[in-house]
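In case you want the letters, here they are:
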Amino acid sequence: MISLAQSLGDQFGSRLVTASSALAQYAQSEGLHAHQPPSLVAQPETIDEVKLLVKKAAEENYTIVAYGAGTSLEGNAATINADTLCIDFSRMNRIVEVSAADLLCLVEPGVTREQLNEDIRATGLFFPVDPGANASLGGMISTRASGTTTVRYGSMRENILGLKVVTADGSLITTGTRARKSASGYDLTHLYTGAEGTLGLIVEASLRLHGQPEKILAATWDFGTIEGAVDTVIATIQSGVPIARMELLDEAAIRACNRQSALGLPEKPMLFLEFHGSDAGVADQLDLVRLMGDSNGGGKLQFASATEDRNALWKARHQALWAAKNMVPGAVAWITDICVPISHLSDAITRAKTAIQASGLFAPILGHVGDGNFHVFFILQAEDMASWDKARIINEAMIDHALSAGGTCTGEHGIGLGKREAMRREHGANSVATMRQIKNALDPSGLFNPGKIFLD
């Protein structure tokens, strides 16, 4: 550490973090996977500084972990090696360009989604991907993030045009173009998207922007059963309604949100909805969805059209994790997710709900069910090993069922440390071996984010 710190000290000064108390902050994340503080943290401000850091780390046999906002859930940015340089991208937070005519922007990796949308508000455009947390865009690209608006606008995968990436030898490559599509060469942009920082360091991204809708209408809708709510989601998607958000919260999640955010909603399975479009378009969407929900036991449909009311509703949804944790004093949360084809969604959620009820655990179910993705928040006492064992059994059963239905072990959290074995079950030995070959070709010395994605 002394050699690397000395070689970087003149250039980085106070942007080189060496104090143990400050390093400890980089061992924190929203997930529960155990990891250690890095040996050293550098905060670059330019692409050239990132290239320098990669070259110096390689010379000193350090591994590198990229760090954004610290909101990952599967240990995606965890330090697990003794000699690790953590590259904190928070100072690379410039919006390089906004092209309203081309509906795109160029951003550095430390820009957060809220920062971007605030900056471009006056242009009449917005960036739609909303995972809930105010994550960095570099981190969202690295985990192929999605969120509440994916059902209409797509995930990070659909909203990336190109990248600049620093590779393992410290050189810079550019992927993609400003064009909306290309048939030129290998799709390197999407190779790095979702790679969790194991193949290179993203230092700039070209992102798609979308026009702000003329009208936005949000609503809550309670149902007598969770099956009725989920069947309404399935019917809506299969009917081709271009709904913008379609979130499910079970009665446990609603109870937690009511207590935290004073929503005053009935403690029943609930859909949080949002419609985007013209006045006439929103009215047509609402009529179709209402017809399907009424036939599935929908109760009272309550609307929120004012901006402050919509914001309060979605703020409560985004704070559901902390609301759930506050229901059990002193507890911690273990969050898991799966994603299934929409036709299997009702069965997957019903199975999870039944298992949770049989276990006696407090574990709210909620998620972006419009695209087949849902989460379980296991709220557990740290020392209650019996409850942890129950939660693990339920989690494994959820994954097994998702894979048997043609789904995936994670819709948006990524693999990191937590789902490496599940990824191997999902893809099979040959596919994982091919991924390994790509990793070895692009990062032969194992410089970037060691221990993630692959078990060994």
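Refer to the structure presented above.
Computed from a prediction, not measured in an experiment: that's the story for all the values here. (Residues numbered from 1 in each chain as written. Predicted model: local features only at pLDDT ≥ 70, side-chain atom pairs only at ≥ 80, totals over all residues. Heavy atoms only, no water.)

Peer 1: Describe in detail helix 9 (residues 251-261), supporting the description with residues and values.
Peer 2: All of the buried residues in helix 9 are A252, A253, I254, A256, C257 and N258. Where helix 9 is buried, its residues touch strand 13 (245-249), strand 14 (270-277), helix 11 (307-318), helix 12 (320-326) and strand 17 (365-367). If you check the start of helix 9, you find a side-chain oxygen 3.2 Å away from the backbone N of A252, and it comes from D250. Following helix 9 by one or two positions, A262 has its phi on the positive side, about 55°. (Buried < 20%, exposed > 50% of the residue type's maximum accessible area, 1.4 Å probe, protein only. Helix = DSSP H or I, 4+ residues; strand = E, 2+ residues; numbered from the N terminus. Contact = heavy atoms within 4.5 Å. Polar contact = N/O pair within 3.5 Å; in protein donor to acceptor, adjacent residues only side chain to side chain.)

Peer 1: Could you give me a rundown of unusual backbone geometry, with the residues and numbers involved?
Peer 2: Its identity is not glycine, yet L103 carries a phi of approximately 55°, on the positive side. Within the element layout of this structure, L103 appears in the loop between strand 5 (95-99) and strand 6 (104-107). Its identity as a non-glycine residue notwithstanding, A262 has a phi of 55°, on the positive side. Under the relative-accessibility criterion, A262 is labelled exposed at 65%.

Peer 1: Report on the sheet that holds strand 14, specifying residues and quantitative values.
Peer 2: Sheet architecture is open: seven strands sit in the order 15-12-14-13-17-18-16, paired in antiparallel fashion. At either end of the open sheet lies a strand with only one pairing partner, and these are strand 15 (298-304) and strand 16 (332-339). Put simply, the sheet's adjacent strands are angled 20° from each other on average, direction ignored. Where strand 16 and strand 18 (residues 373-380) come together, eight bridges link them in antiparallel fashion. Bridge pairing links A333 to I379 in strand 18. Together, strand 13, strand 17 and strand 18 form the strand contacts of helix 13 (residues 345-359), whose direction differs from that of strand 18 by roughly 10°. (Pairing = 2+ DSSP bridges. Axes fitted to C-alpha atoms, helices over the stretch in contact; angles between N-to-C directions.)

Peer 1: Go over the side chain of S146 with me, naming the residues and quoting the values.
Peer 2: In this structure, S146 sits in the loop between helix 5 (137-142) and helix 6 (150-153). Taking the relative accessible area as the measure of exposure, S146 reaches 5% and is therefore buried. For S146, the side chain forms a polar contact with the side chain of E412, separated by 2.7 Å. Every residue in contact with S146, bar those within four places of it in the chain, is listed here: V129, D130, P131, S155, N373, G411 and E412.

Peer 1: Explain the sheet that holds strand 1 (residues 16-17) to me, using residue names and the numbers behind them.
Peer 2: Taken in spatial order, the four strands make up an open sheet running 1-2-4-3, and their pairing is mixed. Edge positions in the open sheet fall to strand 1 and strand 3 (63-67), since each of these has one partner strand only.

Peer 1: Describe the packing of helix 8 (residues 226-238) against helix 13, and please don't skip the residues or the numbers.
Peer 2: Running from N to C, helix 8 and helix 13 cross one another at 155°; their axes reach a closest spacing of 9 Å. One way to sum up the angle between helix 8 and helix 13 is to call them roughly antiparallel. For helix 8 against helix 13, the interelement crossing comes out right-handed. Mapping the contact onto sequence places I226, E227, V230, D231, V233 and I234 in helix 8 and L345, S346, I349 and T350 in helix 13. Split by residue class, the contact of helix 8 with helix 13 holds six nonpolar, two polar and two charged. (Parallel < 35°, antiparallel > 145°, perpendicular 65-115°, else oblique. Left-handed = near helix turned anticlockwise from the far one by under 90°. Nonpolar A, V, L, I, M, F, W, Y, C, P; charged D, E, K, R; others polar.)

Peer 1: Could you give me a rundown of the pairing of strand 10 (residues 201-208), with the residues and numbers involved?
Peer 2: In terms of residue burial, strand 10 counts as a mostly covered element, since eight of its eight residues are buried. Relative to strand 10, strand 8 (residues 160-166) is paired through six bridges, and the arrangement is antiparallel. When the bridges of strand 10 are listed, V165 appears paired with I202.

Peer 1: How would you sum up helix 15 (residues 420-442)? Please name residues and give values.
Peer 2: The first and last C-alpha atoms of helix 15 sit only 20 Å apart over 23 residues, clearly below the 33 Å expected at 1.5 Å per residue. If you look at helix 15, its biggest bend is around 110°, right at G428. Three or more residues of helix 15 are buried, namely R420, A422, M423, V432 and K439. For helix 15, the elements touching its buried residues are helix 14 (385-404). (Expected span 1.5 Å × (residues − 1). Bend = angle between axes of the 7 residues up to and from the residue.)

Peer 1: Tell me what's going on with the pattern of salt bridges, and back it up with residues and numbers.
Peer 2: Within this structure, the stated rule accounts for 25 salt bridges. Its salt-bridge partner being R245, residue D130 comes within 3.0 Å of it at the nearest N-O pair. Taken together, the residues span a long stretch of sequence, with D130 in the loop between strand 7 (125-126) and helix 5 and R245 in strand 13 at a distance of 115 residues. The residues D130 and R245 share a single accessibility class, namely buried. In this structure, D400 engages R425 in a salt bridge whose closest nitrogen and oxygen atoms are separated by 2.7 Å. Highlighted residues: D400 in helix 14 and R425 in helix 15, separated in sequence by 25 residues. D400 gets classed as partly exposed once you look at its relative accessible area, which sits at 42%. (Salt bridge = Lys/Arg side-chain N within 4 Å of Asp/Glu carboxyl O.)

Peer 1: I'd like a rundown of the nonpolar core, residues and numbers included.
Peer 2: If you look at the biggest cluster of nonpolar residues, it comprises 50 residues, and the most contacted ones within it are L271, L273, L345, I349, F374 and F378. Beyond its immediate chain neighbours, meaning those up to four positions away, L273 contacts L217, A218, A219, W221, I243, R245, M246, V289, L301 and W314. Listed in part, the 27 residues of the second largest apolar core include F272, L313, W314 and L366. (Core = buried A, V, L, I, M, F, W, Y, C linked by side-chain atoms within 4.5 Å.)

Peer 1: Lay out the environment of S39 in plain terms, naming residues and giving numbers.
Peer 2: Mapped onto the fold, S39 is located in the loop between helix 2 (20-24) and strand 2 (40-42). For the pair formed by S39 and G411, sequence separation is 372 residues and the distance between their alpha carbons is 32 Å. A polar contact of 2.3 Å, which involves the side chain of S39, links it to the backbone oxygen of A82.

Peer 1: Kindly report on the packing of aromatic side chains, identifying the contributing residues and their values.
Peer 2: Applying the stated criterion across every chain, the model contains six aromatic pairs. For the ring pair W221 and F223, a centre distance of 5.2 Å and an interplane angle of 50° mean the geometry is tilted. Taken individually, W221 and F223 each receive the classification buried, so the pair is uniform in this respect. One aromatic cluster is present, formed by W334, F378 and W388 through successive ring pairs. The aromatic ring of W314 is capped on one face by R245, whose charged end is 4.6 Å from the ring centroid. (Phe/Tyr/Trp six-rings, centres within 6.5 Å; stacked < 30°, edge-to-face > 60°. Lys NZ or Arg CZ within 6 Å of the ring centre and 35° of its normal.)

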